Amino acid sequence: HTIYIVLAVLSILAIENPTQAQKSKKNKNSQGTAEHIKRESEYLFIEAQKYYTLEDYAKAVNLFLKCIELVPENSAVYYKLAQIAVNNSEIDKALGYALKALQYDDTNKYYYLITANIYTEKGDFDKAAEYYEQLVTRIAGTEEYFFELAAIYLYQERLDDALSTYQKAEEAFGVNEQTVFQKQKIYLQLNKLEEAIKNL
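These numbers come from a predicted model, not from an experiment. (Residues numbered from 1 in each chain as written. Predicted model: local features only at pLDDT ≥ 70, side-chain atom pairs only at ≥ 80, totals over all residues. Heavy atoms only, no water.)

1. Let's talk about the packing of helix α7 (residues 146-155) against helix α8 (residues 159-173)
In a packed pair of helices, the relevant descriptors are the angle between the two axes and the axis-to-axis distance. Threshold: To obtain an axis, a line is fitted to C-alpha atoms, over the contacting stretch when the element is a helix, and the angle between two such axes runs from 0 to 180 degrees between their N-to-C directions. Numbering goes from the N terminus for both helices and strands, where a helix is a DSSP run of H or I of at least four residues and a strand is a run of E of at least two. By the definition adopted for this analysis, an angle is roughly parallel if under 35 degrees, roughly antiparallel if over 145, roughly perpendicular if from 65 to 115, and oblique otherwise. Here a crossing is taken to be left-handed if its near helix is turned anticlockwise relative to the far helix by less than a right angle, and right-handed if that turn runs clockwise. Contact between two residues is taken to exist if any of their heavy atoms lie within 4.5 Å; hydrogens are not considered.
Packing of α7 against α8 leaves a shortest axis separation of 8 Å and a crossing angle of 165°. Here α8 runs roughly antiparallel to α7, going by the angle between their axes. As for the relative orientation of α7 and α8, their crossing is left-handed in sense. Of α8, the residues touching α7 (which contributes Phe146, Phe147, Leu149, Ala150, Ala151, Tyr153 and Leu154) are Leu159, Asp161, Ala162, Thr165, Tyr166, Lys168, Ala169 and Phe173.

2. Digging into the nonpolar core
Counted only if it meets this: We call a set of buried Ala, Val, Leu, Ile, Met, Phe, Trp, Tyr and Cys residues a nonpolar core when their side-chain atoms join them within 4.5 Å. To sort residues, take the accessible area from a 1.4 Å probe on protein chains only and compare it with the maximum for the residue type: under 20% means buried, over 50% means exposed, and anything in between is partly exposed.
Counting residues in each nonpolar core, the largest one holds 52 residues, and the members touching the most others are Phe64, Ile118, Tyr132 and Leu135. Apart from the residues within four sequence positions on either side, phenylalanine 64 is in contact with Phe45, Ala48, Gln49, Val77, Lys80, Leu81 and Ile84.

3. What about helix α3 (residues 75-87)?
Spelled out, the test is: To estimate the expected span of a helix, count its residues, drop one, and scale the result by 1.5 Å. Within 3.5 Å is the distance limit for a polar contact, defined as a pair of N or O atoms, with the added protein rule that one can donate a hydrogen and the other accept it, and that residues adjacent in sequence qualify only through two side-chain atoms.
Between its first and last C-alpha atoms α3 spans 19 Å; for 13 residues at 1.5 Å apiece the expected length is 18 Å, and the two agree. Of all the 13 residues making up α3, 10 are buried; the element is thus mostly covered by neighbouring parts of the structure. Listed as buried for α3 are Ser75, Val77, Tyr78, Tyr79, Lys80, Leu81, Ala82, Gln83, Ile84 and Ala85. Structurally, the start of α3 carries an N-cap: the backbone nitrogen of alanine 76 is 3.2 Å from a side-chain oxygen of asparagine 74. Downstream of α3 by a residue or two, serine 89 has a phi angle that is positive, lying close to 60°.

4. What to know about the packing of aromatic side chains
This is how the line gets drawn: In this scheme Phe, Tyr and Trp rings, the latter by its six-membered ring, pair at centre separations within 6.5 Å, and the angle between planes marks the pair as stacked below 30 degrees, edge-to-face above 60, and tilted otherwise.
Inspection of the entire model under this criterion finds 8 aromatic pairs. For the ring pair tyrosine 52 and tyrosine 57, a centre distance of 5.7 Å and an interplane angle of 50° mean the geometry is tilted. Accessibility assignment for this pair places tyrosine 52 and tyrosine 57 in one class, buried. Geometrically, the ring pair formed by tyrosine 119 and tyrosine 131 is stacked, given 5.7 Å between the ring centres and 15° between the ring planes. With tyrosine 119 in helix α5 (residues 109-122) and tyrosine 131 in helix α6 (residues 125-138), this pair connects stretches of sequence that are 12 residues apart.

5. Comments concerning the pattern of salt bridges
Convention followed: Within this document, salt bridges are pairs made up of a side-chain nitrogen of Lys or Arg and a carboxyl oxygen of Asp or Glu, the two lying within 4 Å of each other.
Within this structure, the stated rule accounts for 10 salt bridges. Linking lysine 122 and aspartate 92 is a salt bridge whose minimum nitrogen-to-oxygen distance equals 2.7 Å. Of this pair, lysine 122 sits in helix α5 while aspartate 92 sits in helix α4 (residues 91-104); the two residues are 30 residues apart in sequence, bridging distant segments of the chain. For aspartate 92, a relative accessible area of 55% puts it in the exposed group. With a closest N to O distance of 3.8 Å, arginine 158 and aspartate 126 form a salt bridge. Placement of the pair is arginine 158 in the loop between α7 and α8 and aspartate 126 in helix α6, with a sequence separation of 32 residues.

6. Here we look at α8
Operational definition: Relevant arc is that of directions from the helix axis to the C-beta atoms, nothing else.
Its 15 residues give α8 an end-to-end C-alpha distance of 21 Å, which sits within 8% of 21 Å, the value for a rise of 1.5 Å per residue. Buried within α8 we find Leu159, Ala162, Leu163, Thr165, Tyr166, Ala169 and Glu170. Across the axial projection of α8, the buried residues extend over an arc of 165°, all falling on one side. Exposed side chains of α8 directed beyond 90 degrees from the buried face belong to Asp160 and Glu171. Here the buried face of α8 lies against α7 and α9 (177-189). Once α8 finishes, glycine 174 follows within two positions and takes phi at roughly 85°, a positive value.

7. Topic: the side chain of threonine 165
Relative to the helices and strands, threonine 165 resides in helix α8. On the basis of relative accessibility, which here comes to 4%, the residue threonine 165 falls in the buried class. In this structure, threonine 165 is in contact with Phe146, Leu149, Ala150 and Tyr153, ignoring residues within four places of it in sequence.

8. Here we look at the side chain of glutamine 83
Note on placement: glutamine 83 falls in helix α3. Polar contacts involving the side chain of glutamine 83 include one to the side chain of lysine 80, which spans 2.9 Å. Every residue in contact with glutamine 83, bar those within four places of it in the chain, is listed here: Tyr52 and Ile114.

Here it is in structure tokens:
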């Protein structure tokens, strides 16, 4: 009886093992496929970048779109598509691509910059300011963009916001002629004569 039991167990194992082998083969195949897709996408990106440099935007767009088909979450591709759309004056399309780039990677300062610039181009200064605010808050080393943000606030006549932004710029870079001059104008517009005198 013991022999029969051993034989039965061995026969079950023999049946199960091919299934496990098939599973591990599938896993290897899926890994191989993922690697192949990644390599193909990288190749297409390099080719697209080449045509972008040559200013053959139609071919570049075609190849960038193929990259997205392979790897839909590739933020760099959306950024390049946004740049091309801006160059072609397709502002709404550019905005869609720029927002997609930020959706997949919110740590890249250039994605914030292109988004803010597109909103400025559209005349939506509230949104432009919003993305500059996010940029200087979230990304280290972007203090230089306080000046762009302050300029937008000035254009919108958001004088208090502009003033505080110039003060942040001074904290980052020290007192300089540009910030002193702009703060002076704001103090006078706000009729804050004492502050204007102190500023001088």
